[in-house]
Amino acid sequence: LYSAPKAFFDIKGSSVSVYGTDVGNIKMMSKWLPEDKSLNLMLITNRNNENNFSASGFYKPETSYLNLTASLNDLSVSYFEPFLSDLISKTSGSLSGRLNLAGPLDKLALVGENCRFNKLGFILNFTKVPYTIDGPFSLNERGLVFQNLPIVDRFGSKGVINGRLIY
């Protein structure tokens, strides 16, 4: 891959699932661009005739630089539950927004714009209490930022979250 990178793939799948959650149809493609010395990448998922996730960008092997931009359109949060299982469980709802993952592979930065939790339900494992959040959030190089994010518990009690999750 590094001495003569000309990787190419065109993968299509139907009725795909990830961690037991239906993704629908998936299409992944790559193409080597010799003039840029980069690998052009694309990934699209389609479920119920709707694109829930699309990502495109490039990878430059010479500099180990990656730049991917993704659009999330009511993407189910259940895909992420295995990665968050120490904190939350029994997730429901979705995410929307535009994300960009860029930088050298050893220093990738993830930022987002117009990000939103769409009726995101979860149980906080520490307290075993179910909550629902619904509203916007920010994502920058340092983490997630919440400002006046509405939260509701199972009894309908309401609150607001202000804070940051740093990674």
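Residues numbered from 1 in each chain as written. Predicted model: local features only at pLDDT ≥ 70, side-chain atom pairs only at ≥ 80, totals over all residues. Heavy atoms only, no water.

> In this structure, what is going on with the layout of surface pockets? I would like to understand it.
A water-sized probe rolled over the atoms picks out the places where empty space is left. In this structure, the largest pocket encloses a volume near 1600 Å³. Every residue lining the largest pocket is counted, 50 residues in all, and those nearest its centre are F80, F83, L84, L95 and L99. Per-element accounting of the lining of the largest pocket gives the leading share, seven residues, to strand 6 (residues 88-104). Here the lining of the largest pocket is built from residues that sort into 44 nonpolar, five polar and one charged. (1 Å grid on protein atoms, 1.4 Å probe; cavity = no way out; pocket = protein on both sides within 12 Å on 5 of 7 lines; lining within 4 Å. Points joined across faces, edges and corners; volume = space filled by probe spheres on them. Helix = DSSP H or I, 4+ residues; strand = E, 2+ residues; numbered from the N terminus. Nonpolar A, V, L, I, M, F, W, Y, C, P; charged D, E, K, R; others polar.)

> Would you mind going over a nonpolar patch on the surface with me for this structure?
A contiguous nonpolar patch, built from V18, Y19, F80, F83, L84 and L87 and spanning about 600 Å² of accessible area, is present on the exposed surface. Tracing the backbone shows V18 in strand 1 (residues 9-18). (Patch = residues over 30% accessible without salt bridge, like charges linked within 9 Å, V, L, I, M, F, W, Y side chains within 5 Å. Areas by Shrake-Rupley, 256 points an atom, 1.4 Å probe, with all protein chains shown as cover. Salt bridge = Lys/Arg side-chain N within 4 Å of Asp/Glu carboxyl O.)

> Mind showing me how you'd approach the pattern of salt bridges here?
A full pass over the atoms with the stated rule returns two salt bridges. K37 is the salt-bridge partner of E62, the closest N and O atoms lying 3.7 Å from each other. Taken together, the positions of E62 in the loop between strand 4 (50-60) and strand 5 (65-76) and K37 in the loop between strand 2 (21-33) and strand 3 (38-47) put the pair 25 residues apart, joining distant regions of the chain. Given a relative accessible area of 44%, K37 falls into the partly exposed group. (Buried < 20%, exposed > 50% of the residue type's maximum accessible area, 1.4 Å probe, protein only.)

> Looking at this structure, I do not really get the sheet that holds strand 8 (residues 129-140). What am I missing?
Strand-to-strand pairing in sheets goes through backbone hydrogen bonds, with the strands running parallel or antiparallel. Ordered by their spatial adjacency, 10 strands build an open sheet running 1-2-3-4-5-6-7-8-9-10, and the pairing between neighbours is antiparallel. Here the strands that pair on one side only, and so sit at the sheet edges, are strand 1 and strand 10 (158-166). Each adjacent strand pair in this sheet contributes to an overall mean axis angle of 15°, direction not counted. Pairing geometry for strand 6 and strand 7 (residues 109-124), over 11 bridges, is antiparallel. Residue S96 lies in a different strand from strand 7, and its bridge partner there is R116. (Pairing = 2+ DSSP bridges. Axes fitted to C-alpha atoms, helices over the stretch in contact; angles between N-to-C directions.)

> Would you explain the packing of aromatic side chains in this entry?
Geometrically, a pair of aromatic rings is defined through the distance of the ring centres and the angle of the planes. Tallying each qualifying case throughout the model produces four aromatic pairs. Taking 6.1 Å as the distance between ring centres and 35° as the angle between the ring planes, the aromatic pair formed by F122 and Y131 counts as tilted. An aromatic cluster of at least three residues, connected via ring pairs, comprises F117, F137 and F146. (Phe/Tyr/Trp six-rings, centres within 6.5 Å; stacked < 30°, edge-to-face > 60°.)

> Looking at this structure, I do not really get unusual backbone geometry. What am I missing?
In most cases, non-glycine residues show a negative phi, while peptide bonds are predominantly trans. Of note, the phi angle at N48 is positive, near 55°, even though the residue is not glycine. Secondary-structure assignment places N48 in the loop between strand 3 and strand 4. Its relative accessible area of 67% is what places N48 among the exposed residues. One non-glycine residue, N49, lies in the positive phi region at around 60°. Topologically, N49 is positioned in the loop between strand 3 and strand 4.

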